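Letter by letter, the chains look like this.
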Amino acid sequence: MGDAVVNQQKLDDGTVVVELRGELDLATNDALRAMLVDLVEAQRPPRIVVDLLHVSFVDSTGIGALLAGYNAAIDSGVGYKVRAVAPFVERQLRLTGVYGQLVSP
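Because the structure is predicted, anything quoted here is derived from the model rather than measured.

A. Up close: the packing of aromatic side chains. Taken as a whole, this structure holds 2 aromatic pairs when the rule is applied. Ring centres of Tyr70 and Tyr80 lie 5.9 Å apart, and the angle between their planes is 75°; on these two criteria the pair is classed as edge-to-face. On the criterion of sequence distance, the pair formed by Tyr70 in helix H2 (residues 60-76) and Tyr80 in strand S4 (residues 79-83) is long-range, its members being 10 residues apart. The exposure class of Tyr80 is buried, given its relative accessible area of 9%. Positioned above the aromatic ring of Tyr99 is the side chain of Arg94, whose terminal nitrogen or guanidinium carbon lies 3.8 Å from the ring centre.

Right under this line is the structure:
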């Protein structure tokens with residue numbers, strides 16, 4: 001998936017943790033969007049947690065991919081949360097006004 005590395009782990013309760021590393025930008029947008037939406041539609045886990053601790057860069061297309069996963073999850077009744085947000089990524093999510101929507105306390 002471009003410059004981003006993805007690891008997935010399924011927890012005992014069915015939650016799928018998606019760990020992203022690297023850059024979420026135009027080069028990774030289509031693959032990330034497809035992976036998140038497909039995860040919702042094909043597996044229908046009770047919850048998806050996207051870990052962004054090791055994401056070094058995100059632009060509007062990367063944020064759009066995260067939102068596409070969020071929207072697919074909400075439409076399907078799947079829980080969706082972004083966690084462990086790196087400082088640069090947090091700033092970008094706050095600037096675009098989606099931090100509160102994607103990152104629950």
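B. Molecular detail of the side chain of Thr15. Structurally, the position occupied by Thr15 is in the loop between strand S1 (5-10) and strand S2 (16-24). Within the structure, Thr15 has its side chain in polar contact with the side chain of Asp13 (distance 2.9 Å).

C. Seen up close, unusual backbone geometry. Phi at Arg44 takes a positive value of approximately 45°, unusual for a residue other than glycine. Relative to the helices and strands, Arg44 is located in the loop between helix H1 (26-43) and strand S3 (47-58). In this structure, Ala84 takes a positive phi of about 50° despite not being glycine. Mapped onto the fold, Ala84 is located in the loop between S4 and helix H3 (87-95). A relative accessible area of 34% places Ala84 in the partly exposed class.

D. Just the pattern of salt bridges, in detail. Counted according to the given criterion, the structure contains 3 salt bridges. Among the salt bridges present, the one from Arg21 reaches Glu19, with a minimum N-O distance of 2.7 Å. Given the relative accessible area of 32%, Arg21 is considered partly exposed. By relative accessible area, Glu19 is classed as partly exposed at 23%. Among the ionic pairs, Arg94 bridges to Glu90, the shortest N-O distance being 2.9 Å. Highlighted residues: Arg94 and Glu90, both in helix H3, separated by 4 residues, approximately one helical turn. Assessed through its relative accessible area of 48%, Arg94 is described here as partly exposed.

What counts, and where the lines are drawn
- Residues numbered from 1 in each chain as written.
- Predicted model: local features only at pLDDT ≥ 70, side-chain atom pairs only at ≥ 80, totals over all residues.
- Heavy atoms only, no water.
- Phe/Tyr/Trp six-rings, centres within 6.5 Å; stacked < 30°, edge-to-face > 60°.
- Helix = DSSP H or I, 4+ residues; strand = E, 2+ residues; numbered from the N terminus.
- Buried < 20%, exposed > 50% of the residue type's maximum accessible area, 1.4 Å probe, protein only.
- Lys NZ or Arg CZ within 6 Å of the ring centre and 35° of its normal.
- Polar contact = N/O pair within 3.5 Å; in protein donor to acceptor, adjacent residues only side chain to side chain.
- Salt bridge = Lys/Arg side-chain N within 4 Å of Asp/Glu carboxyl O.

Geometric descriptors of this kind do not, in isolation, establish any biological role.
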